[in-house]
Amino acid sequence: MNPLVMALILALCLWMALCAICGFRRRVMLFFGLLLTGLTINQIWMMVGLNAKLFEPHALMAQAALIMYGICAFGVGWLASRVAQAWNESKVDEV
């Protein structure tokens, strides 16, 4: 596999991990900032690296996919925090 593709996959995984951390800590505004940053970097990459136009259908689909990846990662983090909270609340104290 091309090293550039591997770097892009790694960057996407790191970005999604940060989105999940925002969901786990319930930082919605930080998530929106992270989402906007990811969209900007993705758009710059597509316009400079791939020579795509701003409103090209494939570029818009890639941006929509990035939004869905981010929302799903945020949701997974939020769900993990709810499970961890329920786990801690159901702890049985020994007397």
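Only a predicted model underlies this, so the values are computations on that prediction, with no experimental measurement involved.

Calculation criteria
- Residues numbered from 1 in each chain as written.
- Predicted model: local features only at pLDDT ≥ 70, side-chain atom pairs only at ≥ 80, totals over all residues.
- Heavy atoms only, no water.
- Helix = DSSP H or I, 4+ residues; strand = E, 2+ residues; numbered from the N terminus.
- Rg over C-alpha atoms; globule rule 2.2 N^0.38 Å.
- Buried < 20%, exposed > 50% of the residue type's maximum accessible area, 1.4 Å probe, protein only.
- Contact = heavy atoms within 4.5 Å.
- Areas by Shrake-Rupley, 256 points an atom, 1.4 Å probe, with all protein chains shown as cover.
- Lys, Arg positive; Asp, Glu negative; His and termini not counted.
- Charge placed at Lys NZ, Arg CZ, Asp CG, Glu CD.
- Axes fitted to C-alpha atoms, helices over the stretch in contact; angles between N-to-C directions.
- Parallel < 35°, antiparallel > 145°, perpendicular 65-115°, else oblique.
- Left-handed = near helix turned anticlockwise from the far one by under 90°.
- Nonpolar A, V, L, I, M, F, W, Y, C, P; charged D, E, K, R; others polar.

Where do I start with the overall build of the protein in this structure?
Check the secondary structure of the protein and you find three helices and zero strands. In the protein, the succession of α and β elements from N to C terminus is α-α-α. Against the compact-globule benchmark of 12 Å for 95 residues, the protein has a radius of gyration of 17 Å, which places it well outside the compact range. Overall size of the protein, expressed as C-alpha extent along the three principal axes, is 65 × 30 × 20 Å. Per-residue burial over the protein gives 22% buried out of 95 residues. The long-range share in the protein, meaning contacts at least 24 apart out of those at least 6 apart in sequence, stands at 64%. Per element, the accessible surface of the protein, about 7,300 Å² overall, is 74% carbon and sulfur. Side-chain charges of the protein comprise 6 positive and 4 negative groups, with the mean position of each set lying 11 Å from the other.

Please clarify how the packing of helix α1 (residues 3-24) against helix α3 (residues 57-89) should be interpreted in this entry.
What describes two packed helices is the angle between their axes and the distance between those same axes. The contact between α1 and α3 brings their axes to 7 Å, and the two run at 45°. Looking at the two axes, α1 sits oblique to α3. Considering how the two elements wind past one another, α1 and α3 form a crossing that is right-handed. Contact with α1, carried on its side by Leu12, Trp15, Met16, Cys19, Ala20, Cys22, Gly23 and Phe24, involves Leu66, Tyr69, Gly70, Ala73, Phe74, Gly77, Trp78, Ala80, Ser81 and Ala84 of α3 and no other residues of that element. For the contact of α1 with α3, the class distribution of residues is 14 nonpolar, four polar and no charged.

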